[in-house]
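Listed below, chain by chain, are the residues.
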Amino acid sequence: MSLERAVLAGGCFWGMQDLIRKMPGVDRTRVGYTGGDVPNATYRNHGTHAEGIEIWFDPARISYRQLLEFFFQIHDPTTVNRQGNDLGTSYRSAIYYVNEAQKAVALDTIADVDASGLWPGKVVTEVEPVGDFWVAEENHQDYLEKHPNGYTCHFARPDWVLPKRADAAE
C-alpha cells in the first residue's frame, strides 16, 4: 500500500481530526501548526500558523478529491479566519498541497463548491504549497477520543454535498 499525504486547515484541529480519521482509506492523522512564520510552533507560540491536520491516506481507497469534498462539508469555507466561536488566523480555511496534482484538484473542487450554490457564500479557502508542519503537543492529539464531550465546531452538513460529477473517476 502506497500512502499519500494531505495537509488541511479548517478551524480547531480537534474536530477535523475526529471526523477525518474515521473515513475509510485514511490510515492516520495528527494535528499541528502549519502555513505560518514561527519555527518549532507550539500552542502557546504559533505565530501566523493555522491549526492543521496532517492526513495519510490510501488513494486506492479514497481519492484526494473525496477528502476535500468531506473537508468542505465539515467546516465553513466561506468565513474568513473563523469557525464557529473560534476567531483568528489560526482558524482559517486552507489547503496545503504537496504537489501540482493536489493543487489542481483543490482548485477544481473549490470551483465546484462555488458553482454549486449550496454553501452560504464564496469559498475563501487559501490554496498554498505545503511547508513545515509542526506537530502539536500530545494533549491535542486525538483530543476528542480522550475527551468525548470536548468542544468541537465541526460536523457533517448533509446539505453541503456536491452532486456526483459525470466525469468522476472515483
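None of the values given here were measured: they were computed from a predicted structure.

(A) Region of interest: the packing of helix H2 (residues 64–74) against helix H3 (residues 100–116). The interhelical angle for the contact between H2 and H3, taken along N-to-C directions, is 45°, at an axis separation of 10 Å. By the angle between their directions, the pair H2 and H3 is classed as oblique. In the crossing of H2 with H3, the sense of the turn from one axis to the other is right-handed. For the pair H2 and H3, contact is made by Tyr64, Arg65, Leu68, Glu69 and Phe72 and by Gln102, Val105, Ala106, Asp108, Thr109, Ile110, Asp112 and Val113, respectively. Per-class residue counts for the contact of H2 with H3 are seven nonpolar, two polar and four charged.

(B) Expanded view of the packing of aromatic side chains. Scanning the model with the defined rule gives five aromatic pairs in all. Their ring planes at 35° and their centres at 5.7 Å tell us that Trp119 and Trp160 sit as a pair that is tilted. You can see Trp119 sitting in the loop between H3 and strand E7 (126–129) and its partner Trp160 sitting in the segment after helix H4 (143–146), a full 41 residues away along the chain. Taking the relative accessible area as the measure of exposure, Trp119 reaches 7% and is therefore buried. Residue class for Trp160 comes out buried when judged on its relative accessible area of 12%. Taking NZ or CZ as reference, Arg157 lies 4.0 Å from the ring centre of Phe155, over its face.

(C) Geometry of the pairing of E7. In this sheet, E7 lies alongside strand E6 (residues 93–97) in parallel orientation, the contact comprising four bridges. Note that in E7 the partner of Ala94 across the bridge is Glu126. The parallel pair E6 and E7 is bridged by H3, and the resulting crossover is right-handed.

(D) View of the pairing of strand E1 (residues 4–10). Counting buried residues along E1, six of its seven residues qualify, which places the element largely inside the surrounding structure. Pairing between E1 and strand E3 (residues 50–57): six bridges, direction antiparallel. Bridging from a neighbouring strand, Glu4 pairs with Phe57 of E3. Here E1 runs beside E6; their pairing, made up of four bridges, is antiparallel. Residue Ala9 lies in a different strand from E6, and its bridge partner there is Ala94.

(E) Spatial organisation of the UniProt feature "active site" (unreviewed entry) in the protein. Here the UniProt-annotated "active site" (unreviewed entry) positions come out as Cys12. Counting through the fold element by element, Cys12 comes out in the loop between E1 and helix H1 (13–20). A relative accessible area of 6% places Cys12 in the buried class. With sequence-adjacent residues up to four places away left out, Cys12 is seen in contact with Glu51, Asp86, Tyr91 and His154.

Reading guide: rules and limits
- Residues numbered from 1 in each chain as written.
- Predicted model: local features only at pLDDT ≥ 70, side-chain atom pairs only at ≥ 80, totals over all residues.
- Heavy atoms only, no water.
- Axes fitted to C-alpha atoms, helices over the stretch in contact; angles between N-to-C directions.
- Helix = DSSP H or I, 4+ residues; strand = E, 2+ residues; numbered from the N terminus.
- Parallel < 35°, antiparallel > 145°, perpendicular 65-115°, else oblique.
- Left-handed = near helix turned anticlockwise from the far one by under 90°.
- Contact = heavy atoms within 4.5 Å.
- Nonpolar A, V, L, I, M, F, W, Y, C, P; charged D, E, K, R; others polar.
- Phe/Tyr/Trp six-rings, centres within 6.5 Å; stacked < 30°, edge-to-face > 60°.
- Buried < 20%, exposed > 50% of the residue type's maximum accessible area, 1.4 Å probe, protein only.
- Lys NZ or Arg CZ within 6 Å of the ring centre and 35° of its normal.
- Pairing = 2+ DSSP bridges.
- Right-handed = clockwise from strand over helix to strand, strands pointing away.
- UniProt positions renumbered as here; feature names shortened; annotations may be inferred.

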